[in-house]
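Next come the chains, spelled out residue by residue.
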Amino acid sequence: NSGSITMSYATGAATGDGEVGGLVGNNWGRINASYSNGGSTGGSNVGGFAGFNSGSISTSYGAGMVTGDSQTGGFVGERDGWREGTASGCFWDIQTTGSTSSEGGTGKTTVEMQMAGTFLDAGWDFAGETANGTEDVWWIEEGKGYPRLWWETAEP
């Protein structure tokens, strides 16, 4: 990605040699309000959401299993040290990804990932609340699943 991705998701498994991520392999652009829950498998720079990040990612999460040889992370596998890629208000599930570390984002348990409060505290805009905005980007069935985009009605 060298442009802009917003309100998107990926559910399939991603496999490759390097720069493998659940949503994007290499992010140089901007990603907002997106998620991935498919597995990511590769050699190096493997992340549950992005394999390599030198852009900006906000209000997004990863929840798929991460498997790699080096530079792996629950949310981002590797971050560009020169451009200093950022991940603000982002999370990954430490249990389902199998990863306790990441080059961006905050690791949470599955229970925490299924609680609106986890995301509301980070500024996510959920349907039915106005403190974080009125666009109603996300919704959640607490204790039953992860946050979903407002336009989704069925489990992916």
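Residues numbered from 1 in each chain as written. Predicted model: local features only at pLDDT ≥ 70, side-chain atom pairs only at ≥ 80, totals over all residues. Heavy atoms only, no water.

A separate point is the overall build of the protein chain. The secondary structure content of the protein chain amounts to 3 helices and 18 strands. Over its C-alpha trace the protein chain gives a radius of gyration of 14 Å, about what one expects of a compact globule, namely 15 Å for 156 residues. Taken along its principal axes, the extent of the C-alpha atoms in the protein chain is 40 × 30 × 25 Å. Going through the 156 residues of the protein chain one by one, you find that 46% of them count as buried. Taking all contacts inside the protein chain whose residues are at least 6 apart in sequence as the whole, residues at least 24 apart take part in 65%. (Helix = DSSP H or I, 4+ residues; strand = E, 2+ residues; numbered from the N terminus. Rg over C-alpha atoms; globule rule 2.2 N^0.38 Å. Buried < 20%, exposed > 50% of the residue type's maximum accessible area, 1.4 Å probe, protein only. Contact = heavy atoms within 4.5 Å.)

Now for the nonpolar core. Grouped together as the largest cluster of nonpolar side chains are 15 residues, with contacts concentrated most on Tyr-61, Phe-91, Met-113, Phe-119, Trp-124, Phe-126 and Trp-138. If you look at the next biggest cluster of nonpolar residues, it comprises 12 residues, including Ile-5, Ala-50, Phe-75 and Cys-90. (Core = buried A, V, L, I, M, F, W, Y, C linked by side-chain atoms within 4.5 Å.)

An order of S5-S9-S13 is seen for the 3 strands of this open sheet, with the pairing classed as parallel. Each edge of the open sheet carries a strand with a single partner, namely strand S5 (24-27) and strand S13 (76-79). When strand polarity is set aside, the average angle formed by the axes of neighbouring strands in this sheet is 10°. When strand S9 (residues 50-53) meets S13, the two strands line up parallel, connected through 3 bridges. Across the sheet, the residue bridging to Asn-53 is Arg-79, located in S13. (Pairing = 2+ DSSP bridges. Axes fitted to C-alpha atoms, helices over the stretch in contact; angles between N-to-C directions.)

For the rest of this paragraph, the subject is the environment of Gly-98. By secondary structure assignment, the location of Gly-98 is in the loop between helix H1 (94-97) and strand S16 (106-108). Its relative accessible area of 55% is what places Gly-98 among the exposed residues. Along the chain, Gly-98 and Trp-139 lie 41 residues apart, while their C-alpha atoms are 25 Å from each other.

Once that is clear, we can look at the packing of aromatic side chains. Counted according to the given criterion, the structure contains 15 aromatic pairs. Between Tyr-61 and Phe-119 the ring centres are 6.3 Å apart and the planes differ by 50°, which places this aromatic pair in the tilted class. Highlighted residues: Tyr-61 in strand S11 (residues 61-62) and Phe-119 in helix H3 (residues 116-120), separated in sequence by 58 residues. For the pair shown, Tyr-61 and Phe-119 are each scored as buried. Here Phe-91 and Phe-119 contribute two aromatic rings whose centre-to-centre distance is 5.1 Å and whose plane-to-plane angle is 80°, an arrangement assigned as edge-to-face. You can see Phe-91 sitting in strand S15 (residues 91-93) and its partner Phe-119 sitting in helix H3, a full 28 residues away along the chain. Here Phe-91 falls in the buried class, since its relative accessible area comes to 6%. (Phe/Tyr/Trp six-rings, centres within 6.5 Å; stacked < 30°, edge-to-face > 60°.)

Attention shifts here to the pattern of salt bridges. Inspection of every chain in the model, using the stated rule, returns 2 salt bridges. Salt-bridge contacts for Glu-103 lead to Arg-79; the nearest nitrogen and oxygen are separated by 3.8 Å. Note that Glu-103 is positioned in the loop between H1 and S16 and Arg-79 in strand S13, a separation of 24 residues in sequence. Looking at Glu-103, the relative accessible area reads 34%, which means it is partly exposed. The salt bridge partner of Glu-152 is Arg-148, with a shortest N-O separation of 2.8 Å. In this structure, Glu-152 and Arg-148 share a single accessibility class: buried. (Salt bridge = Lys/Arg side-chain N within 4 Å of Asp/Glu carboxyl O.)

This part takes up the sheet that holds strand S1 (residues 4-6). Strand order in this open sheet of 4 strands is S1-S6-S10-S14, and the pairing throughout is parallel. Strand pairing shows two members of the sheet lacking a second neighbour, S1 and strand S14 (86-88), which therefore form its edges. Neighbouring strand axes in the sheet, compared pairwise and without regard to direction, differ in orientation by 5° on average. Inspection of the sheet shows S1 paired to strand S6 (residues 30-32) by 3 bridges, in the parallel sense. Note on S6: the bridge partner recorded for Thr-6 is Asn-32.

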